[in-house]
There are 2 protein chains.
Amino acid sequence: MITIVIVGTGNVAQQLFTALNNKKEVKIIQVIGRDKNKLTPFNNCLNTATDYEDILDSDIYIIAVNDDSIATVSQHFKNKSGLVIHTSGAMDLSVLPTSARRGVFYPLQTISKERKVDFSEVPICIEAENNEDYDILKELANAISDQVQIMTSNQRRLVHLAAVFVNNFTNHLYLIGNEICAEAQVPFNILNPLILETAKKATQMSELNAQTGPAIRDDQNTIEQHLDLLKKDNHKDIYSVLSNSIQKTHEKKL
Amino acid sequence: MITIVIVGTGNVAQQLFTALNNKKEVKIIQVIGRDKNKLTPFNNCLNTATDYEDILDSDIYIIAVNDDSIATVSQHFKNKSGLVIHTSGAMDLSVLPTSARRGVFYPLQTISKERKVDFSEVPICIEAENNEDYDILKELANAISDQVQIMTSNQRRLVHLAAVFVNNFTNHLYLIGNEICAEAQVPFNILNPLILETAKKATQMSELNAQTGPAIRDDQNTIEQHLDLLKKDNHKDIYSVLSNSIQKTHEKKL
């Protein structure tokens, strides 16, 4: 059985705690967080601590804190014999202390407090510095996920960037769709089937083939009408930049 | 039973034909298209025609042609007694001839040839000029869909614009995600769970709450690293414009 200390109390720490807590392959022996109040969700863990002096010895230390804090926080683990890993898509393995055994365990999913994550469907991107550490990371990842992918820091950085496009930016487009529907006094959920079908299509066929709409048809009348309808400059900018990029990308089709 | 003539041979015409063809409430009596070869998919219809001289008398004429051709094509139906409707989100009812009984029947979904549309889940946005015509459009829409929504031309124009954001533009972001994964030599399908979860979240909770990522955290290090990683100017532009808009929209949170 692998013993685990989780460092952090945010969304990722909480969701990983929930996913790992009852798995027979692993045992969470401690959760560490600076703020005692934020440790409340972890009260069913045997041990919680606010002081890095109190770190227990463990096979793995999962540093699930903000990207900017990983380097500082992980310094407290530089003399530990266990494997020190972070959970960030954007950060290199090298932000962890060179004296430690180091690894990365990046769950490729949008993780918020409000919504329980089903980790069995979440790809876990792992990185380590030797075969032994890869084996222990695989065992940890397999305990919660069916999809484990070995990835270098360079690959992970790019995959995280791709995730920003398909998640953060897509989400912002949904929000704009919501605003436009509100202006039309039509409930946003009228777009639900379109949103879901668009996502399903992307996962099942080439999106190049799936592209439709005024930009790819070079339908200037509709494009100009749409720009007139948009009230906010940032929405007009998004419309123009994306329409131009669609046209540039599919130039041969126009 | 409502009799129908379909005008057009493109994606929408084909998918509507398939959806309506075996419904007991309606009978497709004719399909009209300029190009005889493109009428092949409709051969199991009783009657196809390439000449507007041969239009049969019908309760409804569905003009399912390109937006730019609706006005011209519908002129051939200006003296018919049946209801003349188009299927476009972007075009007003008023593009149809004033002498005709006019209506709109806009299926709010991404429709391509490759993928059979399940119309039962597609919102049908209808517009007519009197109660009798609304009744017949409702009957037509209810024959294939559980979700029928009355909408003015102004509302439909806005909803179509919202659809461009959540479908066309989202789709383009998926394509960019695909390109970045290819560069990382990681299969694009690693993003499938994220794409589907992001879409599901939007249909189930406020996207304002769901927004995550470097832009909303104002994480300038990651933003700059991402801009460096992007090779194409149009991708850099999209990244900047969307990140700025996310920050502007969520200003109070920063």
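Described below are features of the structure shown in this document. (Residues numbered from 1 in each chain as written. Chains lettered and ligands numbered in written order. Predicted model: local features only at pLDDT ≥ 70, side-chain atom pairs only at ≥ 80, totals over all residues. Heavy atoms only, no water.)

## A word on the overall build of chain A
Part 1: Of the regular secondary structure elements, chain A holds 9 helices and 8 strands.
Part 2: Considered along the principal axes of its C-alpha atoms, chain A spans approximately 65 × 40 × 30 Å.
Part 3: Burial status across chain A gives 58% buried among its 254 residues.
Part 4: Once local pairs closer than 6 in sequence are excluded, the contacts in chain A between residues at least 24 apart make up 53%.
Part 5: Chain A carries 25 positive and 31 negative side-chain charges, and their two centres are separated by 2 Å. (Helix = DSSP H or I, 4+ residues; strand = E, 2+ residues; numbered from the N terminus. Buried < 20%, exposed > 50% of the residue type's maximum accessible area, 1.4 Å probe, protein only. Contact = heavy atoms within 4.5 Å. Lys, Arg positive; Asp, Glu negative; His and termini not counted. Charge placed at Lys NZ, Arg CZ, Asp CG, Glu CD.)

## Observations regarding the interface of chain B and chain A
Part 1: With 90 residues of chain B at the interface, the matching set in chain A holds 92 residues.
Part 2: Around 8700 Å² of area is buried between chain B and chain A when both sides are counted, 67% of it from carbon and sulfur atoms.
Part 3: Our count for the chain B to chain A interface comes out at 2 salt bridges.
Part 4: Note that Glu 197 of chain B and Arg 115 of chain A form a salt bridge whose closest N and O atoms lie 2.6 Å from each other.
Part 5: The interface formed by chain B and chain A includes 22 residue pairs in polar contact (both at pLDDT 80 or more).
Part 6: Contributions of two or more residues to the side of chain B that touches chain A are made by helix H4 (153–184), helix H5 (192–204), helix H6 (207–210), helix H7 (214–217), helix H8 (220–229) and helix H9 (233–249) of chain B.
Part 7: Here the element with the most residues in the side of chain B that touches chain A is H4 of chain B; it accounts for 27 residues.
Part 8: A breakdown of the residues in the side of chain B that touches chain A according to their chemical character gives 44 nonpolar, 31 polar and 15 charged. (Buried area = accessible area lost by both parts, 1.4 Å probe. Salt bridge = Lys/Arg side-chain N within 4 Å of Asp/Glu carboxyl O. Polar contact = N/O pair within 3.5 Å; in protein donor to acceptor, adjacent residues only side chain to side chain. Nonpolar A, V, L, I, M, F, W, Y, C, P; charged D, E, K, R; others polar.)

## Brief notes about the relation of the copies chain B and chain A
Part 1: With an RMSD of 0.0 Å, chain B superimposes on chain A once it is rotated by 180° and translated 0.0 Å along the axis. Given the turn and translation reported, the copies of this chain are related as if by a two-fold rotation axis. When C-alpha positions in chain B are compared against the rotation axis, the closest is assigned to Thr 170 of chain B, at 2.7 Å.
Part 2: Here 100% of the interface residues in chain B have copies in chain A that are interface residues too; the copies meet face to matching face. (Least-squares fit on C-alpha atoms with pLDDT ≥ 70 in both.)

## Observations regarding H4 of chain B
Residue and element names in this part refer to chain B.
Part 1: Under the 1.5 Å per step criterion, the end-to-end length of H4 is 45 Å for 32 residues, consistent within 8% with the ideal 46 Å.
Part 2: The sharpest bend along H4 reaches about 30° and sits at Val 164.
Part 3: Of all 32 residues in H4, 27 are buried, a share of seventy percent or more.
Part 4: Backbone geometry just downstream of H4 places Gln 185 in the positive-phi region, at approximately 55°. (Expected span 1.5 Å × (residues − 1). Bend = angle between axes of the 7 residues up to and from the residue.)

## Overview of the pairing of strand S5 (residues 83–86) of chain A
All names here are of chain A.
Part 1: Covered by surrounding structure in S5 are Leu 83 and Ile 85 together with Val 84 and His 86, the residues of both alternating faces.
Part 2: Both strand S4 (residues 60–63) and S5 contribute to a ladder of 4 bridges, which runs parallel. Bridge assignment links Ile 63 to a residue of S5, and that residue is His 86.
Part 3: One crossover worth recording links S4 to the parallel S5 by way of helix H2 (residues 67–74), and it is right-handed.
Part 4: Relative to strand S6 (residues 101–107), S5 is paired through 4 bridges, and the arrangement is parallel. Bridge pairing links Ile 85 to Gly 103 in S6. (Pairing = 2+ DSSP bridges. Right-handed = clockwise from strand over helix to strand, strands pointing away.)

## Looking at the pattern of salt bridges
Residue and element names in this part refer to chain B.
Part 1: In the structure shown here, the tally under the stated rule is 20 salt bridges over all chains.
Part 2: We note a salt bridge from Asp 92 to Arg 157, for which the minimum N-O separation is 2.7 Å. A residue pair is termed long-range when its members are at least 10 positions apart, and Asp 92 in the loop between strand S5 (83–86) and strand S6 (101–107) and Arg 157 in helix H4 qualify at 65 residues.
Part 3: Judged by relative accessible area, Asp 92 falls into the partly exposed class, the value being 22%.
Part 4: Arg 156 is paired through a salt bridge with Glu 127; the nearest N and O atoms lie 2.7 Å apart. Placement of Arg 156 in helix H4 and of Glu 127 in strand S7 (residues 124–128) is noted, with a sequence separation of 29 residues between them.
Part 5: A residue is classified by how much of its surface remains accessible, and Arg 156, at 0% relative accessible area, is buried.

## Considering helix H3 (residues 131–144) of chain B
Part 1: The terminal C-alpha atoms of H3 of chain B lie 20 Å apart, and with 14 residues this matches the ideal 20 Å at 1.5 Å per residue to within 8%.
Part 2: When H3 of chain B is considered as a whole, its buried residues turn out to be Asp 133, Tyr 134, Ile 136, Leu 137, Leu 140, Ala 141, Ala 143 and Ile 144 of chain B.

## Thoughts on the sheet that holds S4 of chain A
Where strands meet in a sheet, backbone hydrogen bonds hold them as pairs that are either parallel or antiparallel.
Residues and elements named next belong to chain A.
Part 1: Strand order in the open sheet formed by 8 strands is S3-S2-S1-S4-S5-S6-S7-S8, and the pairing between neighbours is mixed. Of all strands in the sheet, those bounded by a partner on one side alone are strand S3 (48–49) and strand S8 (148–150).
Part 2: Pairing analysis gives 2 bridges linking strand S2 (residues 26–32) to S3, with the strands arranged parallel. Considered in S3, the bridge of Val 31 is made with Thr 48.

## Details of the packing of helix H4 (residues 153–184) of chain A against H9 of chain B
Part 1: Contact pair H4 of chain A / H9 of chain B: the axes reach a minimum separation of 10 Å and the direction vectors enclose 50°. The angle between the axes of H4 of chain A and H9 of chain B places the two elements in the oblique class. Where H4 of chain A crosses over H9 of chain B, the handedness of that crossing is left-handed. Taking contact as the criterion, the partners of Leu 161, Val 164, Phe 165, Asn 168, Phe 169, His 172, Leu 173 and Leu 175 of chain A in H4 of chain A are, on H9 of chain B, His 235, Ile 238, Tyr 239, Leu 242, Ser 243, Ser 245, Ile 246 and Thr 249 of chain B.
Part 2: Looking at side-chain class alone, the contact of H4 of chain A with H9 of chain B contains 10 nonpolar, 6 polar and no charged residues. (Axes fitted to C-alpha atoms, helices over the stretch in contact; angles between N-to-C directions. Parallel < 35°, antiparallel > 145°, perpendicular 65-115°, else oblique. Left-handed = near helix turned anticlockwise from the far one by under 90°.)

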